[in-house]
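Residue-level listing of the chains:
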2 protein chains.
Amino acid sequence: MEGSGSVVGLEVLSEAECLGLLSRGCVGRVGFVVGGRPQVLPVNYAADERGVVVFRTAATSLLTAVAHQPVAFEIDGVDPAHRTGWSVAVQGQASELAEPGTPAGDRLRSVTEITGAPGQRDRWFAIEPEIVTGRRLPVHGLDASAGWYEGILG
Amino acid sequence: MEGSGSVVGLEVLSEAECLGLLSRGCVGRVGFVVGGRPQVLPVNYAADERGVVVFRTAATSLLTAVAHQPVAFEIDGVDPAHRTGWSVAVQGQASELAEPGTPAGDRLRSVTEITGAPGQRDRWFAIEPEIVTGRRLPVHGLDASAGWYEGILG
């Protein structure tokens, strides 16, 4: 299992570290399946202290397929202090949330500053975490930091 | 379909833009399915001018499940000049490559500077692209650039 202590050459992050990284992030990627094919799409998101990930999307987006499905959620970044990269993965079940204004919506607003892309993005989803794993790994090119940043910044 | 001209509030990237971004990147995420559950894991990668994505992993990694499976591959980043973010998604079929030293391995070496994480990572894979899409989107917090970078840098 990725994220276990047996991962080759990788430092495994504690759950507390994972939840801390999740709570500070704002961009992640949702992995889901449509018609038997995996999809990965980036989203603006927010996470609460339990690692519940919330995001929103447009009614026309493929992402609306996530409701009631198992999904994966991933964030990653670099750690300049340690000259490494890190990643956190959440696996869980996605569900659609009630309109903001209901208790669920209010809770969302209280934990998020999600803005997402412009346009009508009024479908809200949450991922209830079942497995949260993280790892820290050396990143190619981080010494000459352009290497990593070229990857991230295009 | 995400990446089509109908995406709400998003600018669709041309295939040439997508291939250019792919060829310059070095970190991406592979989306795949294991036991019916989607997984997303980051990898160091390289891509050639056709968008063929190559990466390697350890024999013990979940990623070895990708062989002969449909997979998704995603990169994203920010575009400071336009104060936007962008993402490129590849959908295609993954296959395991021969050992470096064979013609396929030599080709890989010629297009890559993959290093990956330490440890034995001697399983090489390629993703043959079937669909390549990209989009540019406003990024929350980019005005106060710490917003985006907090997400990326943890």
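See the structure printed just above.
Notes on the structure in this doc start here. (Residues numbered from 1 in each chain as written. Chains lettered and ligands numbered in written order. Predicted model: local features only at pLDDT ≥ 70, side-chain atom pairs only at ≥ 80, totals over all residues. Heavy atoms only, no water.)

**What about the overall build of chain A?**
Quick note on the threshold: Secondary structure is summarised from DSSP: a helix means a run of H or I of at least four residues, a strand means a run of E of at least two, and numbering begins at the N terminus for each. Between buried and exposed lies partly exposed: a residue is buried under 20% and exposed over 50% of the maximum accessible area for its type, with that area taken using a 1.4 Å probe on protein chains only. In this description, contact between two residues means that some pair of their heavy atoms is separated by no more than 4.5 Å.
The helix and strand tally for chain A stands at 3 helices and 8 strands. Starting at the N terminus and ending at the C terminus, chain A contains elements arranged as β-α-β-β-β-β-β-β-α-β-α. Considering chain A as a whole, with its 154 residues, one finds that 56% of them fall into the buried category. Once local pairs closer than 6 in sequence are excluded, the contacts in chain A between residues at least 24 apart make up 68%.

**Concerning the pairing of strand E2 (residues 27–34) of chain B**
All names here are of chain B. To keep things clear, this is the line we draw: Strand pairing is assigned whenever DSSP detects at least two bridges linking the two strands.
E2 sits mainly inside the fold: 6 of its 8 residues count as buried. Pairing of E2 with strand E3 (residues 37–44) involves 8 bridges; the strand directions are antiparallel. What sits directly across from Gly-28, in E3, is Val-43. Hairpin connection between E2 and E3: a loop of 2 residues separates the two successive antiparallel strands, and Gly-35 in this loop has a positive phi of roughly 60°. Note that E2 and strand E6 (residues 70–79) share 3 bridges and pair antiparallel. Considered in E6, the bridge of Val-30 is made with Phe-73.

**Digging into the state of the cysteines**
Residues and elements named next belong to chain A. How we decide: Two cysteine sulfurs form what is called a disulfide whenever their separation falls within 2.5 Å.
Taken as a whole and assessed by the stated rule, the structure comprises 0 disulfides over all chains. With no disulfide partner, Cys-18 has as its closest neighbouring cysteine sulfur the one in Cys-26, 18 Å distant. A relative accessible area of 0% places Cys-18 in the buried class.

**So, the environment of Gly-85 of chain A**
Residues and elements named next belong to chain A. Residue placement: Gly-85 occurs in strand E7 (residues 84–96). For Gly-85, a relative accessible area of 1% translates into the label buried. Separated by 21 residues in the primary sequence, Gly-85 and Thr-64 place their C-alpha atoms 30 Å from one another.

**Regarding the pattern of salt bridges**
Defined as follows: What makes a salt bridge here is a side-chain nitrogen of Lys or Arg within 4 Å of a carboxyl oxygen of Asp or Glu, nothing more.
Summed over all chains, the structure comprises 18 salt bridges over all chains. Between Glu-128 of chain A and Arg-50 of chain A there is a salt bridge whose closest N-O contact spans 3.0 Å. Here Glu-128 of chain A, found in strand E8 (residues 123–138), pairs with Arg-50 of chain A, found in the loop between strand E4 (46–47) and strand E5 (53–57); they are 78 residues apart in sequence, far enough to count as distant. Using a relative accessible area of 38% as the deciding quantity, one classes Glu-128 of chain A as partly exposed. Across the pair Glu-96 of chain B and Arg-123 of chain B runs a salt bridge, and its minimum N-O distance is 2.4 Å. You can see Glu-96 of chain B sitting in strand E7 (residues 84–96) and its partner Arg-123 of chain B sitting in strand E8 (residues 123–138), a full 27 residues away along the chain. Beyond isolated ion pairs, a larger network of salt bridges with shared partners links Arg-29, Glu-74 and Asp-76 of chain A together with Arg-29, Glu-74 and Asp-76 of chain B.

**Looking at the packing of aromatic side chains**
Condition: By convention, a stacked pair of Phe, Tyr or Trp rings (six-membered ring in the case of Trp) has centres within 6.5 Å and planes under 30 degrees apart, an edge-to-face pair has planes over 60 apart, and any other such pair is tilted.
With the rule as written, the count across this model stands at 4 aromatic pairs over all chains. Where Phe-55 of chain A meets Phe-125 of chain A, the ring centres are 5.7 Å apart and the plane angle is 20°; that geometry is what we call stacked. Note that Phe-55 of chain A is positioned in strand E5 and Phe-125 of chain A in strand E8, a separation of 70 residues in sequence. Taken together, a centroid distance of 4.8 Å and an interplanar angle of 65° make the contact between Tyr-45 of chain B and Phe-73 of chain B edge-to-face. Of the two residues, Tyr-45 of chain B is situated in the loop between E3 and strand E4 (46–47) and Phe-73 of chain B in strand E6; the sequence distance between them amounts to 28 residues. Residue Tyr-45 of chain B is classed as buried on the basis of its relative accessible area, which comes to 2%. In this structure Phe-73 of chain B comes out as buried when scored by relative accessible area, which is 0%.

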